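Below, each chain spelled out in residue letters.
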Amino acid sequence: MSNSAGLFSSSLGRKYLMAITGLFLCSFLLIHLIGNVSLFTDPVQFNEYTRFMSSNPLIRIMEIVLVVGFLAHIIDAIMLTKANKAAQPVKYAMDKKKSTWYSRNMGLTGTIILAFLILHLQSFWYGYKFGDVAMTLDSSGAAIKDMYTMVLAAFSQSWYSAIYVVAMVLLGTHLNHGFQSAFQSMGLRHKKYTPAIKKVGTAFAVIMTLGFISFPIYFYITQL
Amino acid sequence: MAGMNLTLKVWRQNGAEDKGRIVEYKMSDISPDMSFLEMIDVLNEELIQKGDDPIAFDHDCREGICGSCSMYINGEPHGPEDLITTCQLHMRSFKDGDTIYIEPWRAAAFPVIKDLVVDRTAFDAIIQVGGYVSVNTSGNTQDANALPIPKADADAAFDAATCIGCGACVATCKNSSAMLFTSAKISHLALLPQGKVEAQERALNMVEKMDELGFGNCTNTGDCEVQCPKGISLDNIALMNREFLGASLKSEK
């Protein structure tokens, strides 16, 4: 086997790919959360922000990179999980693990997050692009798609907001293990820095979860 | 002190082709001072006297250094205590009336030979592709101090070298991954000047062999490190990951 060509077909190569794509997706989450803050501050600003995000050429290119990142992360995870299941075909009658539940169930939490992502894209990405969106005015008085009202309408449904909260809590557990795990997979482990990386990972997971659930919770309660 | 009464649930499997099953055995008057393997010896004596087939299990030195004993006891490799092998486990770690599950290591790469005995030649195969230093040492040994080694490196290499290859890491890993074992072998040589020469080739060959043998992938849950009787650290897996990445990029093969 050629080692350089086979890098990403080896167990460790696949781990590097998981780590790189995972950290890339973390950067997307951060940008997505920052962009959403205008939902709380100014409806007009939020609508202008969504127009910018769906029309700027650079953002459109990054959208494709993002899709590739998601697909690579998901396909790689499926391949790794398949190999892992095959590596232990017989389960123990009695098995006690000392590790955390969420570190052992990245596949489960990842699958639920993927299901959420499809719902989320269907409501907002597909809905914005191809759906019937009401028009309103931007700051210069021109017509603009009213994404703000669309978001409010979606979060006024209790079941819809509840799905968001559950999915974002699971995303938090996924990030809590995944963030620090990415550094370990890349071999970046150090007596001084690794405890700090773990703390940053946990803080990132908590901020992402609380940040993203604040929208459905706030808009559900204020519309009661 | 009165002996303990125990219920054992032991995996019995008459050869690789047999489906295997859990069989229950009642034990009475077991001394808390007995080692776990002595307790199995007592059970086997009883089975032999009754004309039954004794339970097959691996054991050799019975002092925690050979890496032969390999029992998954009550859901943990080498039983409930930390940093010991099955032979160093004593019955005082259990209570009167306890039910104890005893199972073989579970991994596709470690097929069951009989009862609690698994075939661990997969570990030998990994060692054979790089777990050595190609230096002729006959008759021309140089002074040990001719090659200065930083104390921290020597300590880390020695810590990795304490791996006895028992397979507890693979057994407890939800993915039956052999990365703790393989990384310990890679780093204990890579950290020393004699082993550094072949470090990259070693990392490539040992990882490739590990994958080929059907061990799973590491998901960094850390169960291996917790269950390792020698306390081998996840630091070694990180070192292996670094070595392999550098080696893959530089390799001309």
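Just so you know, these numbers come straight off a predicted model, no measurement behind them.

Conventions and cut-offs
- Residues numbered from 1 in each chain as written.
- Chains lettered and ligands numbered in written order.
- Predicted model: local features only at pLDDT ≥ 70, side-chain atom pairs only at ≥ 80, totals over all residues.
- Heavy atoms only, no water.
- Helix = DSSP H or I, 4+ residues; strand = E, 2+ residues; numbered from the N terminus.
- Buried < 20%, exposed > 50% of the residue type's maximum accessible area, 1.4 Å probe, protein only.
- Contact = heavy atoms within 4.5 Å.
- Areas by Shrake-Rupley, 256 points an atom, 1.4 Å probe, with all protein chains shown as cover.
- Expected span 1.5 Å × (residues − 1).
- Pairing = 2+ DSSP bridges.
- Axes fitted to C-alpha atoms, helices over the stretch in contact; angles between N-to-C directions.
- Disulfide = S-S within 2.5 Å.
- Core = buried A, V, L, I, M, F, W, Y, C linked by side-chain atoms within 4.5 Å.
- Domains from an automatic or database assignment.
- Buried area = accessible area lost by both parts, 1.4 Å probe.
- Salt bridge = Lys/Arg side-chain N within 4 Å of Asp/Glu carboxyl O.
- Polar contact = N/O pair within 3.5 Å; in protein donor to acceptor, adjacent residues only side chain to side chain.
- Patch = residues over 30% accessible without salt bridge, like charges linked within 9 Å, V, L, I, M, F, W, Y side chains within 5 Å.
- Phe/Tyr/Trp six-rings, centres within 6.5 Å; stacked < 30°, edge-to-face > 60°.
- Lys NZ or Arg CZ within 6 Å of the ring centre and 35° of its normal.

Comments concerning the overall build of chain B
Part 1: Within chain B, the regular secondary structure consists of nine helices and seven strands.
Part 2: Projected onto the principal axes, the alpha-carbon positions of chain B cover approximately 60 × 40 × 35 Å.
Part 3: Across the 253 residues that make up chain B, the buried fraction comes to 53%.
Part 4: Considering only intrachain contacts with a sequence separation of at least 6, the fraction spanning at least 24 residues in chain B is 69%.
Part 5: Carbon and sulfur atoms provide 50% of the accessible area of chain B, an area that totals close to 11,200 Å².

Some remarks on helix 9 (residues 235-250) of chain B
Part 1: The end-to-end C-alpha distance of helix 9 of chain B is 23 Å, a good match for the 22 Å that 16 residues give at a rise of 1.5 Å each.
Part 2: Taken together, the buried positions of helix 9 of chain B are occupied by Asn236, Ile237, Ala238, Leu239, Met240, Asn241, Glu243, Phe244, Ala247 and Ser248 of chain B.
Part 3: Buried residues along helix 9 of chain B sit in contact with helix 1 (11-36) and helix 8 (158-185) of chain A together with helix 3 (151-161), helix 5 (179-190) and helix 7 (199-212) of chain B.

Re the sheet that holds strand 1 (residues 4-12) of chain B
Residues and elements named next belong to chain B.
Part 1: Reading across from one edge, 2-1-5-3-4 is the order of the five strands in this open sheet, with mixed pairing throughout. Taken across any chain shown, the strands that pair with only one partner, and hence form the sheet edges, are strand 2 (21-30) and strand 4 (76-77).
Part 2: Bridge count for strand 1 against strand 5 (residues 99-103) is four bridges, and the pairing is parallel. When the bridges of strand 5 are listed, Thr7 appears paired with Thr99.
Part 3: Against the sheet, helix 1 (residues 36-49) engages strand 1, strand 2, strand 3 (72-73) and strand 5, with an angle of about 100° to strand 2.

Considering the state of the cysteines
All names here are of chain B.
Part 1: If you walk through the whole model with that rule in mind, you get zero disulfides over all chains.
Part 2: Considering cysteine sulfurs only, Cys224 is the nearest to Cys173, which forms no disulfide, with 6.8 Å between them.
Part 3: Counting only cysteine sulfurs, Cys218 is the nearest neighbor of Cys224, a cysteine outside any disulfide, at a range of 6.4 Å.
Part 4: Note on Cys224: relative accessible area 13%, which makes it buried.

Regarding the nonpolar core
Part 1: Among the nonpolar cores identified, the biggest contains 50 residues, and Phe110, Phe123, Val170, Leu180 and Phe215 of chain B are the most heavily contacted of them.
Part 2: Contributions of two or more residues to this core are made by helix 1 of chain A together with helix 2 (121-128), helix 4 (168-172), helix 5, helix 7 and helix 9 of chain B.
Part 3: Each of two domains, domain 1 (4-113) and domain 2 (121-250) of chain B, supplies a minimum of three residues to this core.
Part 4: Apart from residues no more than four positions distant in its own chain, Phe123 of chain B is found in contact with Phe110, Gly165, Gly167, Val170, Ala178, Phe181 and Phe215 of chain B.
Part 5: Counting residues in each nonpolar core, the second largest holds 32 residues, with Val133, Val151, Ile213 and Phe215 of chain A among its members.

A look at the interface of chain B and chain A
Part 1: Taken residue by residue, the interface counts 52 residues in chain B and 38 residues in chain A.
Part 2: For the chain B and chain A pair, buried surface summed over both sides reaches about 3,700 Å², with 51% attributable to carbon and sulfur atoms.
Part 3: For the pair chain B and chain A, the interface holds three salt bridges.
Part 4: A salt bridge links Arg189 of chain A to Asp235 of chain B; the nearest nitrogen and oxygen atoms lie 2.4 Å apart.
Part 5: Our enumeration of links across chain B and chain A arrives at 32 residue pairs in polar contact (both at pLDDT 80 or more).

Description of the side chain of Ser99 of chain A
Part 1: Mapped onto the elements of the fold, Ser99 of chain A is located in the loop between helix 4 (57-87) and helix 5 (101-104).
Part 2: For Ser99 of chain A, a relative accessible area of 12% gives the class buried.
Part 3: Side chain to side chain, Ser99 of chain A and Asp223 of chain B meet in a polar contact 2.5 Å long.
Part 4: Once you skip the residues sitting within four places of it in the chain, Ser99 of chain A turns out to touch Arg104 of chain A together with Thr221 and Asp223 of chain B.

Comments concerning a nonpolar patch on the surface
Part 1: A surface patch of nonpolar side chains, amounting to about 350 Å² of accessible area, comprises Val67, Leu71, Ile75 and Met79 of chain A.
Part 2: Residue position: Ile75 of chain A is located in helix 4.

Some remarks on the packing of aromatic side chains
Part 1: As enumerated under the stated definition, the model contains 25 aromatic pairs over all chains in all.
Part 2: Aromatic side chains Phe123 of chain B and Phe215 of chain B sit 6.0 Å apart centroid to centroid with 35° between the ring planes, which places their arrangement in the tilted category. Of the two residues, Phe123 of chain B sits in helix 2 while Phe215 of chain B sits in the loop between helix 7 and helix 8 (223-227), which places them 92 residues apart along the sequence.
Part 3: We classify Phe123 of chain B as buried; its relative accessible area is 3%.
Part 4: Exposure remark for Phe215 of chain B: the relative accessible area of 5% places this residue in the buried category.
Part 5: Site record: aromatic cluster; members linked through ring pairs are Phe116, Phe124, Phe155, Trp159, Tyr160 and Tyr164 of chain A.
Part 6: Positioned above the aromatic ring of Tyr128 of chain A, the side-chain terminus of Lys145 of chain A is 5.1 Å from the ring centre.
Part 7: The residue whose ring lies beneath Arg106 of chain B is Trp11 of chain B, and the NZ or CZ to ring-centre distance is 4.2 Å.

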